[in-house]
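For reference, the chains in residue letters:
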Amino acid sequence: MADTRIWQLVDIERRTLADQPAQLPAKSWDAPSLCTGWRVRDVAAHLAFAASAGFGTVVVELIRAPGGLDRMIRDSAIRVADVPPGQLVASAREHRLPAAPGRHERGRPAARHRDPRPGHRPGPGPGPAGADGRRRRALERVWERNYPFYARRRLAGLRLVATDADWAGGEGALVQGPVAALMMLAAGRHATVPQLRGAGAARLGAS
């Protein structure tokens with residue numbers, strides 16, 4: 001799939017993600033997300049920042065946050081998170097994303113925090129028509145690339161098989177489940193392990 005098409009799909013999924021926190025009650029905005037140390041509002045703020053930040057802004061934020069890219073992503077999100085939820089949702093919805101901010105189209109996904117959903121509930125949420133195809137493509141991309149997730153290395157000895165799409169990767173003990181749950185696992189999140197089945201899933205659950 002051409003890179004321009006990939007980023008069009010990223011844009012669609014980003015807008016879908018922006019709509020999810022809009023449905024949350026006010027108290028949930030300060031609840032922990034699946035990212036350690038991140039509130040739901042911090043994740044929503046990151047989506048808004050990543051969609052709007054230009055190269056210059058990213059450089060400035062990197063200078064302000066010694067400790068590397070992960071620290072910059074965290075600090076930039078937290079810095080702008082404490083505004084009304086509606087403002088964060090509107091900002092995340094507002095910006096279209098022709099390419100990842102601060103990098104060319106062949107760059108890695110922007111969400112280094114490894115939580116593809118700005119919510120605190122584990123498990124895939126509803127999506128518009130075509131969402132399953134986007135999740136499958138996202139899983140392929142995370143699996144095929146190394147940095148920053150190193151999915152094939154971390155999950156060596158496991159055979160991942162999707163139950164709702166034509167996708168499989170790796171060799172070894174079976175880990176079977178929905179694409180969205182496998183995507184979370186490949187990205188370094190174990191919150192969806194209870195949705196997975198097979199000898200390999202049992203091994204993950206025990207780790």
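### Digging into a nonpolar patch on the surface
Residues Phe55, Val59 and Ile63 make up a contiguous nonpolar surface patch of roughly 320 Å² in combined accessible area. Residue position: Val59 is located in helix α3 (residues 55-64).

### A few points about the nonpolar core
Leu160, Val175, Leu182 and Leu185 are the most contacted members of the largest nonpolar core, which totals 23 residues. Aside from chain neighbours lying at most four places away, what touches Leu160 is Trp143, Leu155, Trp167, Ala168, Gly169, Val175, Leu182 and Leu185.

### Some words on the pairing of strand β1 (residues 157-162)
In this structure, β1 lies alongside strand β3 (residues 172-177), joined through 6 bridges in parallel fashion. In the sheet register, Val161 faces β3, and the bridge partner there is Gln176. The pairing of β1 with strand β2 (residues 168-169) spans 2 bridges and is classified as antiparallel. From the neighbouring strand, Val161 faces β2, where its bridge partner is Ala168. Taken together, β1 and the strand that follows it, β2, pair antiparallel across an intervening segment of 5 residues.

### Some remarks on the confidence of the model for the protein
When pLDDT is averaged along the protein, the result is 80, and 80% of the positions lie at 70 or above. Of the regions scoring below 50 in pLDDT, residues 98-129 engages in 96 contacts with residues more than four places distant in sequence or in other chains.

### Notes on helix α8 (residues 179-186)
Most of α8 sits out of view: 8 of its 8 residues are buried. For α8, the full list of buried residues reads Val179, Ala180, Ala181, Leu182, Met183, Met184, Leu185 and Ala186.

Conventions used here
Within each chain, residues carry numbers counting from 1 in the order of the written sequence. Local features in this predicted model are restricted to residues of pLDDT 70 or higher, and side-chain atom pairs are both shown and tallied only at a pLDDT of 80 or more, whereas totals for entire chains, interfaces and linings draw on every residue. Side-chain measures here rest on the full set of heavy atoms in the structure, leaving out hydrogens and waters. Residues enter patches when their relative accessible area tops 30% and they take part in no salt bridge; the joining distance is 9 Å for like charges and 5 Å for the nonpolar side chains Val, Leu, Ile, Met, Phe, Trp and Tyr. Here the open area of atoms and residues is found with the Shrake-Rupley method and a 1.4 Å probe, where only the protein chains shown may cover a residue. Only one rule defines a salt bridge in this text: a Lys or Arg side-chain nitrogen within 4 Å of an Asp or Glu carboxyl oxygen. Secondary structure elements follow DSSP: runs of H or I no shorter than four residues count as helices, runs of E no shorter than two count as strands, and numbering proceeds from the N terminus. Residue types Ala, Val, Leu, Ile, Met, Phe, Trp, Tyr and Cys, when buried and joined through side-chain atoms within 4.5 Å, form a set referred to as a nonpolar core. Categorising residues by exposure relies on relative accessible area from a 1.4 Å probe, with only protein chains included: less than 20% of the type maximum marks a residue as buried, more than 50% marks it as exposed, and the intermediate range marks it as partly exposed. By the convention used here, residues are in contact when the closest approach between their heavy atoms is within 4.5 Å. Should DSSP find at least two bridges between two strands, the strands are regarded as paired. Known as pLDDT, the predictor's confidence for each residue is given on a scale from 0 to 100.

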